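Secondary and tertiary structure notes
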Amino acid sequence: MPEIRADFMGSFKSVLLCTDGSDYSAGAIQAAINIARECGRPRLTVFRALEFNPEFETEGAKFAAKIELRAREHLELIREIAAENDVECEAVVRRAMEPWKAIIEEARKRNADMIVMGRRGMTGLKKILIGSQTSKVIAYSPCNVLVVPKDAVMRGETLLLATDGSKYSETAETAALNMCRRCTEEGICIVRNFIVLSVAVTSEKLKEAIDNVEKVGKDTKKEGIEIEGLPLLGKPYEVILEVAKYRNADLIVLGTHGRTGMERVLMGSVAERVVALSHCAVLVVKA
């Protein structure tokens, strides 16, 4: 595993790493272990929720047991990788009719500060279909959610903060600013490029985007932190993704609107689309 610093993320007490047992979890596993090693030595729990149907369980108990055995073997492999990096972790496997609900329950039970997840490499419209497990976890999570694509490496060198000026973005702004405050023992900031992006959907809203960027700039100036402010015009999720890719960002930080009821599981929010399509890790900060 490459030596990638993660201490810019801050200090945590409990981190929940969720895996589906596939190769798509590789980036999330690496990120979670780095965080556990360098961010205050939090309690790391590796969690696998196995989707099951009660009727199928009755007819295929042996097959279900075989799947669970494979899941435990995969978690044990993660524990070995963690041990090689001087990180202890607890492995938990649960059967659940709805895996995303099991993840939320486990996060609450563990009082997790952060959920770390991978993302499957889907194509086309499948990337933004309603009902994905990741989208539901983001919607209902009691804590921040870090989603890491398979091959993404989170170095924290180029940080992209996406803000719309809402109260939901304020917590994301605070999280991003705290990352930029943290420095190495030599006094050199890990975050070298701090990009603040606000996207206006119409030309009439461009002044508002400019104000959003300037507000963050004023806050960072007091801290002696420089930003690259980008008030741009377009579809928010498309612009965020284009800027992140063009500037080679390794972490996008954004908030998510506080929806309730069925609105929580309906697709279309900026956060969900960015998570589904981003080439790099995305930290969704919950208000």
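Please read these numbers as outputs of a predicted model, since none were measured by experiment.

Below, the discussion takes up the confidence of the model for the protein. Atomic detail in the predicted coordinates should be set aside for any region of low pLDDT. Mean pLDDT for the protein: 84, with 84% of residues reaching 70 or above. Residue range residues 123–131 is modelled with pLDDT below 50. Its contacts to residues more than four positions away, or to other chains, number 11 contacts. Scored below 50 in pLDDT, residues 259–268 makes 19 contacts in the model with residues more than four places away or belonging to other chains.

When helix 9 (residues 270–277) is considered as a whole, its buried residues turn out to be A271, E272, V274, V275 and A276. Packing partners of the buried residues in helix 9 comprise helix 5 (133–140), strand 5 (144–147), helix 8 (236–246), strand 9 (251–255) and strand 10 (281–285).

For helix 8, the complete set of buried residues consists of Y237, V239, I240, L241, V243 and A244. Looking at the packing, one finds that the buried side of helix 8 touches strand 6 (158–162), strand 7 (193–200), strand 8 (228–233), strand 9 and helix 9. Downstream of helix 8 by one or two residues, N248 has phi in the positive range, about 55 degrees.

The next point concerns the nonpolar core. Residues M9, I35, L146, L251 and V253 are the most contacted members of the largest nonpolar core, which totals 50 residues. Counting residues per element, this core draws most heavily on helix 1 (residues 26–38), at seven residues. Judged by nonpolar contacts, the second largest core, of 40 residues, contains A96, I103, I195 and V199.

Before going further, it helps to spend a moment on the packing of helix 8 against helix 9. Angle between the axes and distance between the axes are the two parameters that describe a pair of packed helices. Orientation of helix 8 relative to helix 9, taken along the N-to-C sense of each, is 35 degrees, at an axis distance of 9 Å. For helix 8 against helix 9, the interelement crossing comes out right-handed. Along the contact surface, helix 8 presents P236, Y237, I240 and L241, while helix 9 presents V270, R273, V274 and L277.

So, about the sheet that holds strand 8. Strand order in the open sheet formed by 10 strands is 3-2-1-4-5-10-9-6-7-8, and the pairing between neighbours is mixed. Both edges of this open sheet fall to strand 3 (89–96) and strand 8, since each of them pairs with a single strand only. Neighbour-to-neighbour, the strand axes of the sheet open up by a mean angle of 20 degrees, direction not taken into account. Here strand 9 runs beside strand 10; their pairing, made up of five bridges, is parallel. From the neighbouring strand, V253 faces strand 10, where its bridge partner is L283. Sheet strands in contact with helix 8 are strand 6, strand 7, strand 8 and strand 9, and its direction is about 155 degrees off that of strand 7.

So, on to the pairing of strand 2 (residues 43–51). Summarising burial for strand 2: seven of the nine residues are buried, a large majority. Relative to strand 2, strand 1 (residues 14–18) runs parallel, the two sharing five bridges. Among the inter-strand pairings, S14 is bridged to a residue of strand 2, identified as R43. Following the chain from strand 1 across helix 1 to the adjacent parallel strand 2, one finds a crossover that is right-handed.

It is worth spelling out empty space enclosed by the protein at this point. Inspection of the entire model under this criterion finds one cavity of 30 Å³ or more. Roughly 40 Å³ of volume is contained in the largest cavity. The residue inventory of the lining of the largest cavity, partitioned by class, reads four nonpolar, three polar and no charged.

Next up on the list: the environment of E68. Considering the arrangement of structural elements, one finds E68 in helix 3 (residues 61–84). Sequence spacing of E68 and R94 is 26 residues, and the spatial spacing of their C-alpha atoms is 8.7 Å. E68 has contacts with L50, V93 and R95, leaving out every residue within four places of it along the chain. For E68, the side chain forms a polar contact with the side chain of R95, separated by 2.8 Å.

This next bit is on the environment of W100. Considering the arrangement of structural elements, one finds W100 in helix 4 (residues 99–110). In this structure W100 comes out as buried when scored by relative accessible area, which is 9%. Once the C-alpha coordinates of W100 and S135 are considered, the two residues, 35 residues apart in sequence, prove to be 9.0 Å apart. The residues contacting W100, other than those within four sequence positions of it, are Q133, K136, V137 and Y140.

Let us now look at the packing of helix 4 against helix 5. Following both chains from N to C, one finds helix 4 and helix 5 inclined at 35 degrees, their axes separated by 9 Å at the closest point. At the point where helix 4 passes helix 5, the crossing takes the right-handed sense. For the pair helix 4 and helix 5, the contacting residues are P99, W100, I103, I104 and R108 in the first and Q133, K136, V137 and Y140 in the second. Of the residues that constitute the contact of helix 4 with helix 5, the class distribution is six nonpolar, one polar and two charged.

Conventions used here
- Residues numbered from 1 in each chain as written.
- Predicted model: local features only at pLDDT ≥ 70, side-chain atom pairs only at ≥ 80, totals over all residues.
- Heavy atoms only, no water.
- pLDDT = per-residue confidence, 0-100.
- Contact = heavy atoms within 4.5 Å.
- Buried < 20%, exposed > 50% of the residue type's maximum accessible area, 1.4 Å probe, protein only.
- Helix = DSSP H or I, 4+ residues; strand = E, 2+ residues; numbered from the N terminus.
- Core = buried A, V, L, I, M, F, W, Y, C linked by side-chain atoms within 4.5 Å.
- Axes fitted to C-alpha atoms, helices over the stretch in contact; angles between N-to-C directions.
- Left-handed = near helix turned anticlockwise from the far one by under 90°.
- Pairing = 2+ DSSP bridges.
- Right-handed = clockwise from strand over helix to strand, strands pointing away.
- 1 Å grid on protein atoms, 1.4 Å probe; cavity = no way out; pocket = protein on both sides within 12 Å on 5 of 7 lines; lining within 4 Å.
- Points joined across faces, edges and corners; volume = space filled by probe spheres on them.
- Nonpolar A, V, L, I, M, F, W, Y, C, P; charged D, E, K, R; others polar.
- Polar contact = N/O pair within 3.5 Å; in protein donor to acceptor, adjacent residues only side chain to side chain.

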